[in-house]
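If you want the building blocks of each chain, they are given just below.
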Amino acid sequence: MIELIGVHKSFGENHVLKGVSTVFNQGKVNMIIGQSGSGKTVLLKSIIGLHEIDEGQIIYDNRVFSEMNNKKRKSIRKEIGMVFQGGALFDSATVEENVMYPLEMFTKMTEEERLERANFCLKRVNIENANKRFPAEISGGMQKRVAIARAIVLNPRYLFCDEPNSGLDPKTAIVIDNLIKELTQEFNTTTVINTHDMNSVAEIGDSIVYVHKGEKWWEGSSKEILLSDNNELNDFVFASDLMKKIKNSGF
Amino acid sequence: MRIFFHFGRYYLLLAKVFARPEKTKIYFRQIIREIDKLGINSLGIVIIISVFMGAVITLQSSYNLENPMIPLYLVGLTARDSMILEFSSTIVGLILAGKVGSNIASEIGTMRVTEQIDALEIMGVNSASYLILPKIIAALLINPFLNIISMIVGILGGYIATVITGAIPAPDYIDGLQYSFIPFYVTYSLIKTVIFAFIITSVPAYHGYYTFGGALEVGKSSTKAVVYSSVLILLFNVLLTQLLLA
């Protein structure tokens, strides 16, 4: 479980996060949604410590992450798996080396054990016969799946995904969504996804946080989101004609 | 005031770079890779430029020393000292600042804008140390060898020029090479090379590491890296010459 209490973050005069408080539960797919520029990426990067927050607390299972120094944070960081928007795979390493990297850095596994674990993870995300290929030689969807394999290779307790479906076709996006959902249940991770893909929200979201102008504007389940009377949330969720038609048809 | 900001941030980055490595074995492997990438891959350009510069220094010296009162062996001496004192350390340093410096800045800058550095940080890896330290150590180890190779090849280039053009008799050139040789000049050149190797790797790494934006900013970082490295090499050249030779 990850708990945020009154998180504030500013960049100079720009007050991006204004006292965000929420709880992300274990074994659930928790989603942060919001318009571009609403502060959801800053919120995600603050949770994982890429941005230092100005005020408030970020607590990972009773451990106050935001008040730890870098040395103490390392123990929590080893429990975190992160899937970046662009994959963030290491260009100079092959698919297999990318997945094996955390094992090589943080475990005492032998070469064979590392290879076995990497192959297991790659198989789990349905990547086969691509071990020796470089990131530039595989498709965007495959890159995302390799990034997921790298994120889960150390059996993380916390899984973060920054817009995992961006740049993917709808069919591949559904595959990625389902994969994240399955892995969350299989490894009982606290999964936090940053997205503005309403299809993902409807398909796999257990708990949704809507961020608007740096504030938590709304919180609820994927079913409740469609019935909410919150104007800003409705403007966001039913922005497309398709969603408007669905709403008018009474779902 | 910006200079103090950059100086402070550069110092803080170096503190991160020289922190205790997470896994020495992985760093060792990285150092070997970097020696190949930064050093061995630069060997070709260093040899080509040194040969031609040695030849040109020899030919220009011989054409300018037409006074019969000046002994011909001075051409060999000029070529030797020019190569050892200035060319093999400073000019090769400037060439490497262009080749290696832009490579380092664009590599690390691209890793920054594509979130690869963030990925390392989230894993709990000291990204600055992991990415920059092997490059610095590799350059400190391999650049003195490049320097020595440049000296030898440059002097050889001068010899070839005398043989082919007949500008001066080859025995006079060899006499000049042996005349009044001061071994400390080689030490001086090697000291400069080591300092320049640190500049060539750490300054571009700094510019790459603090790249924010996209492809355009990576290009800008790469250009800045080459410009600042070159200026610092020239500045330290003056300082070290005053300190070591005055």
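About the thresholds
Residues numbered from 1 in each chain as written. Chains lettered and ligands numbered in written order. Predicted model: local features only at pLDDT ≥ 70, side-chain atom pairs only at ≥ 80, totals over all residues. Heavy atoms only, no water. Helix = DSSP H or I, 4+ residues; strand = E, 2+ residues; numbered from the N terminus. Buried < 20%, exposed > 50% of the residue type's maximum accessible area, 1.4 Å probe, protein only. Areas by Shrake-Rupley, 256 points an atom, 1.4 Å probe, with all protein chains shown as cover. Lys, Arg positive; Asp, Glu negative; His and termini not counted. Charge placed at Lys NZ, Arg CZ, Asp CG, Glu CD. Contact = heavy atoms within 4.5 Å. Expected span 1.5 Å × (residues − 1). Bend = angle between axes of the 7 residues up to and from the residue. Pairing = 2+ DSSP bridges. Core = buried A, V, L, I, M, F, W, Y, C linked by side-chain atoms within 4.5 Å.

**A word on the overall build of chain B**
Thought 1: For chain B, the helix and strand inventory stands at nine helices and zero strands.
Thought 2: For chain B, the sequential pattern of α-helices and β-strands runs α-α-α-α-α-α-α-α-α.
Thought 3: Each principal axis of the C-alpha atoms in chain B carries an extent, and together these give about 70 × 40 × 30 Å.
Thought 4: Going through the 246 residues of chain B one by one, you find that 48% of them count as buried.
Thought 5: Taken as a whole, chain B presents about 11700 Å² of accessible surface, with 72% of it coming from carbon and sulfur.
Thought 6: Treating the 16 positive side-chain charges of chain B as one cloud and the 13 negative ones as another, the clouds have centres 11 Å apart.

**A closer look at the environment of F84(A)**
Thought 1: With respect to the secondary-structure elements, F84(A) resides in the loop between β6 (80-83) and α3 (95-106).
Thought 2: Residues F84(A) and W218(A), spaced 134 residues apart in sequence, show a C-alpha to C-alpha distance of 25 Å.
Thought 3: F84(A) has contacts with L50(A), K144(A), D162(A), E115(B), D118(B), A119(B) and I122(B), leaving out every residue within four places of it along the chain.

**Quick word on helix α4 (residues 73-113) of chain B**
Residues and elements named next belong to chain B.
Thought 1: Here α4 contains 41 residues, and its C-alpha end-to-end distance of 56 Å stays within 8% of the 60 Å for a straight helix at 1.5 Å per residue.
Thought 2: By the largest-angle criterion, F87 marks the main kink of α4, which is about 50 degrees.
Thought 3: E115 sits one or two positions beyond α4 and adopts a positive phi of about 65 degrees.

**Observations regarding the sheet that holds strand β5 (residues 63-64) of chain A**
Residue and element names in this part refer to chain A.
Thought 1: Sheet architecture is open: four strands sit in the order β2-β1-β4-β5, paired in antiparallel fashion. Strands at the two margins of the open sheet, each flanked by one partner only, are β2 (14-24) and β5.
Thought 2: Judged from the five bridges that link them, strand β1 (residues 2-11) and strand β4 (residues 55-60) form a sheet pairing that is antiparallel. Bridging from a neighbouring strand, I5 pairs with Q57 of β4.

**Some words on the nonpolar core**
Thought 1: One finds Y101(A), L120(B), Y130(B) and I132(B) to be the most contacted residues of the largest nonpolar core, which totals 48 residues.
Thought 2: Of the residues forming this core, the biggest block, eleven residues, is contributed by α4(B).
Thought 3: Y130(B) has contacts with Y101(A), M105(A), I26(B), Y27(B), Q30(B), L120(B) and V125(B), leaving out every residue within four places of it along the chain.
Thought 4: Counting 44 residues, the second-largest nonpolar core is a separate cluster that includes M31(A), V146(A), A149(A) and L179(A).

Geometric values such as these leave the question of function open.
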